[in-house]
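# Structural overview
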Amino acid sequence: MVSETQSPPSAEPPEADERVRKVSRLTRLLARPEFGAGLGAVLVWVFFAIIANDNNFASWATFAAIMNRAAPLGILAVAVALLMIGGEFDLSIGSILGFAGMTIMVLVTPSATGGFGWALWPAILAALVLALAIGVFNGTLVVATKLPSFIITLATLFIFRGLTIALARLFTNRTQLGNLDEVSGFALADTLFASEINIFGTSFRVSILWWFGMAAVATWILLRTRQGNWIFGTGGDTNAARNVGVPVNRVKIALFMGTAFAAFLVAVIQAVQFTGADTIRGTGLEFQAIIAVVVGGTLLTGGYGSAIGASFGALIFAMVQQGIIITGVDGDWFQVFVGVVLVIAVIFNNFIRLKAAQR
Amino acid sequence: MSNNGTALLEIKNISKYFGSVIALQDVSAFVRAGEVTCLLGDNGAGKSTLIKVLSGVHKATEGEYLFNGERQDFDSPREALELGIATVYQDLAMIPLMSVWRNFFLGSEPTKGWGPFKYFDAKFGKETTTSELAKMGIDIRDPEQTVGTLSGGERQSVAIARAVYFGAKVLILDEPTAALGVKQAGVVLKYIVQAKNRGIGVIFITHNPQHAYPVGDHFVILRRGQVFGDFSKEEIPLEQLVQMMAGGADLEALKHELEEASQQGAAEAAGLAETAEAIGSDLPELGETPEEQGES
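These numbers were taken from a predicted model, which means no experiment stands behind them.

Helices and strands together make up the secondary structure of chain A, namely 15 helices and four strands. Residue burial in chain A is summarised as follows: out of 359 residues, 49% are buried. Considering only residue pairs separated by 6 or more positions, chain A has 79% of its internal contacts joining residues 24 or more positions apart.

Let us now look at the overall build of chain B. On a plain count of helices and strands, chain B comes out with ten helices and twelve strands. When the 296 residues of chain B are sorted by exposure, 41% land in the buried category. Across chain B, every contact between residues at least 6 apart in sequence was considered, and the portion connecting residues at least 24 apart equals 68%.

Attention now goes to the sheet that holds strand β5 (residues 70–71) of chain B. Residue and element names in this part refer to chain B. The four strands are arranged β2-β1-β4-β5 in an open sheet whose pairing can be described as antiparallel. Two strands close off the open sheet at either side, each with one partner strand: β2 (21–31) and β5. When strand β1 (residues 9–18) meets strand β4 (residues 62–67), the two strands line up antiparallel, connected through five bridges. The partner of glutamate 10 across the bridge, within β4, is leucine 66. Taken strand by strand, helix α1 (residues 47–55) contacts β1 and β2, and its axis lies near 60 degrees from that of β2.

Right, let's get into the pairing of strand β6 (residues 85–88) of chain B. Residues and elements named next belong to chain B. Side chains of β6 alternate between two faces, with Ile85 and Thr87 and Ala86 and Val88 buried alike. Two elements, β6 and strand β9 (residues 170–174), share four bridges in a ladder whose sense is parallel. By the bridge assignment, valine 88 is partnered in β9 with leucine 173.

Another aspect to go through is the environment of B:Phe74. All names here are of chain B. Here phenylalanine 74 is to be found in the loop between β5 and α2 (77–83). Classification of phenylalanine 74 as buried rests on a count of 22 C-beta atoms within 10 Å. A sequence separation of 62 residues divides phenylalanine 74 from lysine 12, and the C-alpha atoms of the two residues are 15 Å apart. Ignoring any residue separated from it by four or fewer positions in sequence, one finds phenylalanine 74 in contact with Gly56, Glu79 and Ala80.

Our focus in this paragraph is the packing of helix α9 (residues 207–224) of chain A against helix α10 (residues 226–236) of chain A. Residue and element names in this part refer to chain A. Put simply, α9 and α10 touch, their axes get as near as 5 Å, and they point 80 degrees apart. Looking at the two axes, α9 sits roughly perpendicular to α10. Mapping the contact onto sequence places Ile221, Leu222, Leu223 and Arg224 in α9 and Gln227, Gly228 and Ile231 in α10.

Of all the eleven residues making up α10(A), ten are buried; the element is thus mostly covered by neighbouring parts of the structure. Within α10(A), the full set of buried residues consists of A:Arg226, A:Gly228, A:Asn229, A:Trp230, A:Ile231, A:Phe232, A:Gly233, A:Thr234, A:Gly235 and A:Gly236.

The next point concerns the confidence of the model for chain A. Looking at chain A, the pLDDT average stands at 87 and 89% of residues meet or exceed 70. In this model, residues 1–16 of chain A is a region of pLDDT below 50 whose contacts with residues beyond four sequence positions or in other chains number twelve contacts.

In this section: the sheet that holds strand β11 (residues 218–223) of chain B. Residue and element names in this part refer to chain B. Read from one edge of the open sheet, six strands run β6-β9-β10-β3-β11-β12, paired in mixed fashion. Across the chains shown, the open sheet's two edge strands, defined by having one partner strand only, are β6 and β12 (226–232). Strand-to-strand twist in this sheet, taken as the mean axis angle between neighbours without regard to direction, amounts to 15 degrees. One ladder, built from six bridges, connects β11 with β12; its direction is antiparallel. Among the inter-strand pairings, isoleucine 221 is bridged to a residue of β12, identified as glycine 229. Where α1 meets the sheet, it contacts β3 (36–41), β6, β9, β10 (201–206) and β11, and its direction lies at approximately 155 degrees from that of β9.

What follows is about the nonpolar core. Counting residues in each nonpolar core, the largest one holds 184 residues, and the members touching the most others are A:Leu76, A:Val80, A:Ala263 and B:Leu171. Among the elements that line this core, the one with the most residues is helix α4 (residues 60–85) of chain A, at 18 residues. Both of domain 1 (9–94 + 163–246) and domain 2 (98–149) of chain B provide at least three residues apiece to this core. Sequence-distant contacts of A:Ala263, defined by excluding residues within four places in its chain, comprise A:Leu76, A:Ile93, A:Ile96, A:Leu97, A:Ala100 and A:Ala131.

Definitions and cut-offs
Position numbers for residues start from 1 in each chain and track the written sequence from start to end. Both sets of labels track the order of writing: A upward for chains, 1 upward for ligands. Predicted model: local features are reported for residues with pLDDT of at least 70 only, side-chain atom pairs are reported and counted for 80 or more only, and whole-chain, interface and lining totals are derived from all residues. Counting from the N terminus, the helices are DSSP H or I runs at least four residues long and the strands are E runs at least two residues long. Partly exposed residues are those whose C-beta has more than 12 but fewer than 20 other C-beta atoms within 10 Å; 20 or more makes a residue buried and 12 or fewer makes it exposed, with C-beta atoms placed from the backbone. We call two residues in contact whenever the C-beta atoms placed from their backbones are within 7 Å. DSSP calls a pair of strands paired once it identifies at least 2 bridges connecting them. Here, axes are lines fitted to C-alpha atoms. For helices the fit covers the stretch in contact, and angles between N-to-C directions go from 0 to 180 degrees. Angles are sorted into four bins: roughly parallel if under 35 degrees, roughly antiparallel if over 145, roughly perpendicular if 65 to 115, and oblique for all others. On a scale of 0 to 100, pLDDT captures the predictor's confidence in every residue. In this usage, the nonpolar core is the set of buried Ala, Val, Leu, Ile, Met, Phe, Trp, Tyr and Cys residues whose C-beta atoms join them within 7 Å. Each domain span listed reflects an automatic or database assignment of domains.

Put into structure tokens, the structure is as follows:
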């Protein structure tokens, strides 16, 4: 019977079915999850280009500033997008970021001032292992208790932020540590994580490449690997996926490890860039990442979305921030403005998707 | 009832207890290759528990599970699946947001390439989905369309085709026609016969004798967790099967009650009266399938 099913496709090639309307390339493009966010990014850019015309918003230098600002959020948003497509939330990434950054700093701080005096690379490796372990912890807790990940990671948000502050103070009696550039191994780390690339006279941070790399790998995984299919299946209907043999628990744990890895990566980038870390670093980033992901067309309920869309979401967020800064609007109004723009973006995005789905 | 030693899958005196609750008691049934065994039972008869035992989700508390004459003791549905015992669940068969071809291969994706560069062979996936569905006589419009845009009958059909493609020897179908309109139920029944003709043993679980009778080779009737009757097709006419399933006496009583209600009721009972009449006039042969409101 197996040999029978392997035989070449039988007869009748799927000819054009009268029930299938010719769908134009444009409509297909409209139906993609990232399309709304892409168009939204263009509209936000045009908006600021007009109202901030006097402040040179539409310039190469401003573009570089936006990209530099978007990169860390983009790295996080890409990993969070995969997790949310898989049907879960991670509110603890900001805390993992702070924890990983302070782990590195405490480990490299000379023992005279309460640290461990490690070289930089072993410290980075230790932070990576710890971050991944937190991801496994989050994921295991979620699949074992079957509680909403929203609650579990809300708990770990507090646990790891608290641990970061408590342990940093316990060892070094400080909540801010610096002088990373005096540690051995810094030169290589600086090149890899914090160097700047000059393009047409403006410097772009290398973190943008990390962001693009993450987005490319995530997109490859989602659309072109078995594991990607499993992520969509797990988020779309966990029971159905389990019934056809998808290892849904492993998928979820792996996705939590992914968000923890992204938090670790941003922690390293920021620690090297600022040659130090702070126990409150990353606070609030978990919400910004979720916002970027949702603006990017991923469904809050899982099973649908894209990493490229999440990247556009991060870009929109950065454009709004940058736009407000250079138009000189009072910074107090920033959050109001972000909220309004994001609501508009999500409504717009939904509208586009519904339109496209109707074909 | 004996199976002459040719059963592909057989359960002998299966019992399943949940604490003090007896879900199944001494249930025996079998299916041969190329035959359809129908498990019939009304709500609460133990059908769901039996499916879970058959598909490997639950372990029976007592009794034997034989596949190809060998005793089995599954720890997970995956183990049953590896032997070729595939289960298609009523509403958990497909993921609506995913495309047909992605659904078709979910959990058993074909890959190409090597090591970390292994990738999901989309071209093969789409072509195979279309051709496999065509082989079952299922006319799919576009493998890229999401399953959410398919009708209920189409979803069940795709799920059956998928199980057949992945080498199912025994196909367990959980109420595949329950939520479907008359026409669509007919389509699904057609695919059940297709699967049977390809030499697969089909276990068709349903509460609808009208659907079971045309395709079934023998019928096991469950009531209150026990086997109430076990017949081959020659032994039992449809009318008797219907009577046995619902419990003839109960149905007669219901008919009288409804008739009384319809006579008493004035204007406000008009709706109920209609129902009663419809059921009343249908009773002798139980008429058409009750679910006619499904989308077409």
